[in-house]
Amino acid sequence: MEINILKSSKDEIEMQVENLTIAEILRTYLNKDTAVTFAAWKREHPSEKPIIKITVKGKTVKKAVNDAVASIIKDLEKIEKDFKLMK
């Protein structure tokens, strides 16, 4: 997966991600974090890749993104495990 960092600082980042699915799931999990003050994506045109903007307070934006990705992975592993138990 390709991620292009457009703007970055300690507590704010703008990055372009591959598709809307990645942008939306990342936005959803980031907004569960109380340190995240803003997380949203935009797309200038349907043919362009979405840009997600994240602003945090109390932790670094890198830590917030890492925490969100870890939560996504944990939930996906649980879904996979539950799916395998189905008959």
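A short tour of the structure in this document, coming up.

Scoring rules and cut-offs
- Residues numbered from 1 in each chain as written.
- Predicted model: local features only at pLDDT ≥ 70, side-chain atom pairs only at ≥ 80, totals over all residues.
- Heavy atoms only, no water.
- Helix = DSSP H or I, 4+ residues; strand = E, 2+ residues; numbered from the N terminus.
- Buried < 20%, exposed > 50% of the residue type's maximum accessible area, 1.4 Å probe, protein only.
- Contact = heavy atoms within 4.5 Å.
- Pairing = 2+ DSSP bridges.
- Axes fitted to C-alpha atoms, helices over the stretch in contact; angles between N-to-C directions.
- Salt bridge = Lys/Arg side-chain N within 4 Å of Asp/Glu carboxyl O.

Across its full length, the chain holds two helices and four strands. Expressed along its principal axes, the backbone C-alpha trace of the chain runs to roughly 45 × 35 × 15 Å. A buried classification covers 26% of the 87 residues belonging to the chain. Taking the contacts inside the chain whose residues are at least 6 apart along the sequence as the reference set, 49% of them involve residues at least 24 apart.

This paragraph deals with the sheet that holds strand E3 (residues 36-42). Spatially, E1-E2-E4-E3 is the arrangement adopted by the four strands of the open sheet, whose pairing is antiparallel. Strand pairing shows two members of the sheet lacking a second neighbour, strand E1 (4-8) and E3, which therefore form its edges. Looking at each pair of strands side by side, their axes are set apart by 15° on average, direction ignored. As judged from the five bridges shared by strand E2 (residues 12-16) and strand E4 (residues 51-56), these two strands associate in the antiparallel manner. Residue Gln 16 lies in a different strand from E4, and its bridge partner there is Ile 51. In the packing of helix H1 (residues 20-30) onto the sheet, contacts are made with E2, E3 and E4, and the angle to E3 comes to roughly 165°.

What follows deals with the pattern of salt bridges. By the definition in use, this model includes nine salt bridges. A salt bridge links Lys 53 to Glu 12; the nearest nitrogen and oxygen atoms lie 3.6 Å apart. Taken together, the positions of Lys 53 in strand E4 and Glu 12 in strand E2 put the pair 41 residues apart, joining distant regions of the chain. The closest approach of N and O atoms between Arg 27 and Glu 24, which form a salt bridge, is 2.5 Å. Here Arg 27 and its partner Glu 24 are both found in helix H1, three residues apart, which amounts to about one turn of the helix. Taken together, the shared-partner salt bridges in this structure form one network comprising Asp 33, Lys 59, Lys 63 and Asp 67.

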